[in-house]
Every structure is written in C-alpha cells, then in structure tokens.
Amino acid sequence: DGPALILAGPGSGKTTVITNRIRFLTEEEGVNPSSILVITFTRAAATEMQKRYEQMTQTGCAKPAFGTFHSVFFTATMRTVLCGRSSGWNFCGNC
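Reading guide: rules and limits
- Residues numbered from 1 in each chain as written.
- Predicted model: local features only at pLDDT ≥ 70, side-chain atom pairs only at ≥ 80, totals over all residues.
- Heavy atoms only, no water.
- 1 Å grid on protein atoms, 1.4 Å probe; cavity = no way out; pocket = protein on both sides within 12 Å on 5 of 7 lines; lining within 4 Å.
- Points joined across faces, edges and corners; volume = space filled by probe spheres on them.
- Helix = DSSP H or I, 4+ residues; strand = E, 2+ residues; numbered from the N terminus.
- Nonpolar A, V, L, I, M, F, W, Y, C, P; charged D, E, K, R; others polar.
- Phe/Tyr/Trp six-rings, centres within 6.5 Å; stacked < 30°, edge-to-face > 60°.
- Buried < 20%, exposed > 50% of the residue type's maximum accessible area, 1.4 Å probe, protein only.
- Core = buried A, V, L, I, M, F, W, Y, C linked by side-chain atoms within 4.5 Å.
- Contact = heavy atoms within 4.5 Å.

1. Thoughts on the layout of surface pockets
Okay, step 1: Estimates place the volume of the largest pocket at around 790 Å³.
Okay, step 2: Elements with a minimum of two residues in the lining of the largest pocket: helix 1 (14-28), strand 1 (37-40) and helix 2 (43-56).
Okay, step 3: Among the elements that line the lining of the largest pocket, the one with the most residues is helix 1, at 7 residues.
Okay, step 4: Here the lining of the largest pocket is composed, by residue class, of 19 nonpolar, 4 polar and 3 charged.

2. As for the packing of aromatic side chains
Aromatic rings considered in pairs are described by the distance between their centres and by the relative angle of their planes.
Okay, step 1: A complete count under the given rule lists 2 aromatic pairs for this structure.
Okay, step 2: A ring pair is formed by Phe 41 and Phe 69, whose centres lie 4.9 Å apart and whose planes are at 45°; its orientation type is tilted. Taken as a pair, Phe 41 in the loop between strand 1 and helix 2 and Phe 69 in helix 3 (residues 69-83) lie far apart in primary sequence, 28 residues in all.
Okay, step 3: By relative accessible area, Phe 41 is classed as exposed at 69%.
Okay, step 4: Ring centres of Tyr 53 and Phe 66 lie 6.1 Å apart, and the angle between their planes is 45°; on these two criteria the pair is classed as tilted.

3. Notes on the nonpolar core
Okay, step 1: By size, the foremost hydrophobic cluster in this structure holds 7 residues: Ile 22, Ile 36, Val 38, Ala 46, Met 49, Tyr 53 and Phe 66.
Okay, step 2: Setting aside chain neighbours within four positions, we find Tyr 53 in contact with Thr 19, Ile 22, Arg 23, Thr 26, Pro 33, Pro 64 and Phe 66.

It is worth stressing that arrangement in space is one thing and function is another; only the former is reported here.
This is the structure in structure tokens:
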C-alpha cells in the first residue's frame, strides 16, 4: 500500500521482487499499469525489469514506466519546458 523502496545487494532477487510486485498490483489489486513508475540506477536494470514484466503479464496498451533516475527527471524537465507546463520548480538560481 503505497511506495516501495527495495535495497539489497547484487544477485539477491531485487528484479524478481519488483516485477512480481508490479504484476500483483496490476493483476490482483486492479492498479492501472500506467500509474506505476519504476526508477533504477542503470538502463540495463530498467530494460531487464521491463522485459521480465512483459514476459510475465498480458501486456496491453497501458504499461508501467521503467527508467533511470536521469531519464525520468530529464523527461519531466523537458515536458515542462517544451509543453509550457508550469511545475512550480525553479531550475536556476536567479528565477
């Protein structure tokens, strides 16, 4: 119920835990997959989680978003700048 933070060492099963949790939320709890954001440190980890999730589920149009910290925040920043959406954030010291 709510956000989850998974901290564990290499090879301990983090990807399996996260993909199974997402599957549980979407298939058992009825959470809309497009309302789930999975953030990790590396592009390889994000790609692997997305691949595993898609293999274990009936993927439709709505999918969770998988990405790295950098890609997620870059996308959010660019959408704000390019689409003219005001997020209330200041990205420079003189704003």
